[in-house]
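Working through the structure, step by step
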Amino acid sequence: FKFIHLESITSTNDYAKELFFSEKVSNFVVIADTQTNGKTTKNSSPWQSPVGNLYMSMTIKLIPEIERFTHLLSFITALSLTEVVKDISPNANIKIKWPNDVLLNVKKLSGILIEKENDIIVIGIGVNILSSPKTNNIKYPTTSLKEAGIDIDKIKFAKLLTKKIIENLNNAIKTKFSSLIDDIKPYMYKINDTIYVDFNNEIIVGKFENLDINGGIIIKTNRETKTLLSGTLTKENFI
């Protein structure tokens, strides 16, 4: 992968797509010191992008081996990020909040946005290296690696993360993604515990029993066991 390091752009994901469609190249990583309009999955306010944190986007050519499993690429990214932090700091209290938020000391460390356009996949990742946005939103308390006592250069972290994503993606392809869920389960936040999930504006309470092969959450309530392919863990999970 070729690394492209820029000072300031609107969005690393948008820049990566523009570069691909203008130059017809893939397998590169765009890193920006700051973004003026960082994208989020909620399409609401831009991702806060102060200097010192990591904002990167990987482009991957869409091949038949992963085309059926693009919905699981956010899991691969979250798993890779978690493993990199564990490699750097083995005692780190790091978990994955379903579906793909990475939590350090039960606080949000990163954001992941996967975009598919024509025949490429863009994996956008923001990691709080030096600082984190502070808000009054108790649902998503935030932290950074530095706040947790983990010091690492953002470019070095980006290269370690890129390598880990490639390794995990290659392993997933070899097993047709059958091993991914087993690999990610040990890191899932609140697994085997009671969780509160906002699903279509209904709060579902039950035991987080497992993940299904498509990355859905299997929850056992007082009345039934059901699989949810979408939803949001509510603030009750963090109190």
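Attention here is on the structure that accompanies the text. Please read these numbers as outputs of a predicted model, since none were measured by experiment.

Reading the values: the criteria
- Residues numbered from 1 in each chain as written.
- Predicted model: local features only at pLDDT ≥ 70, side-chain atom pairs only at ≥ 80, totals over all residues.
- Heavy atoms only, no water.
- Phe/Tyr/Trp six-rings, centres within 6.5 Å; stacked < 30°, edge-to-face > 60°.
- Helix = DSSP H or I, 4+ residues; strand = E, 2+ residues; numbered from the N terminus.
- Buried < 20%, exposed > 50% of the residue type's maximum accessible area, 1.4 Å probe, protein only.
- Lys NZ or Arg CZ within 6 Å of the ring centre and 35° of its normal.
- Salt bridge = Lys/Arg side-chain N within 4 Å of Asp/Glu carboxyl O.
- Expected span 1.5 Å × (residues − 1).
- Arc of directions from axis to C-beta.
- Contact = heavy atoms within 4.5 Å.

Digging into the packing of aromatic side chains
As enumerated under the stated definition, the model contains two aromatic pairs in all. Ring plane angle 80° and centroid distance 5.0 Å describe the contact between Phe-20 and Phe-21, whose orientation is recorded as edge-to-face. With a centroid separation of 4.4 Å and 15° between ring planes, the pair formed by Phe-69 and Phe-177 is classed as stacked. Note that Phe-69 is positioned in the loop between α2 (64–67) and α3 (73–88) and Phe-177 in the loop between α4 (154–174) and α5 (180–184), a separation of 108 residues in sequence. Phe-177 shares its class with Phe-69; the two are buried. Sitting above the plane of the Phe-3 ring, Lys-159 keeps its charged end 5.7 Å from the centroid.

A word on the pattern of salt bridges
Counted under the stated rule, the structure contains eleven salt bridges. Here Glu-115 makes a salt bridge to Lys-17, at a shortest N to O gap of 3.2 Å. Remark: Lys-17 occurs in helix α1 (residues 12–23) and Glu-115 occurs in strand β7 (residues 110–117); sequence separation between them is 98 residues. The exposure class assigned to Glu-115 is buried, which follows from its relative accessible area of 16%. Lys-17 gets classed as buried once you look at its relative accessible area, which sits at 10%. Residues Lys-108 and Asp-101 are paired through a salt bridge, measuring 3.6 Å at the closest nitrogen-oxygen approach. Comparing Lys-108 with Asp-101 shows no difference in burial state: the two are buried. Residues joined in a network through salt bridges with shared partners are Asp-14, Lys-17, Glu-115 and Glu-117.

Digging into α1
With twelve residues, α1 extends 16 Å between its outermost C-alpha atoms, agreeing within 8% with the 16 Å of an ideal straight helix rising 1.5 Å per residue. All of the buried residues along α1 are Thr-12, Asn-13, Ala-16, Lys-17, Leu-19 and Phe-20. Projected down its long axis, α1 shows its buried positions confined to an angular sector of 165°, all on one face. More than 90 degrees from the buried face of α1, the exposed residues found are Glu-18 and Ser-22. Considering only its buried residues, α1 is in contact with β1 (2–9), β2 (28–35), β3 (54–61), β7 and β8 (120–127). Trailing α1 by a residue or two, Lys-24 shows a phi angle of about 55°, which is positive.

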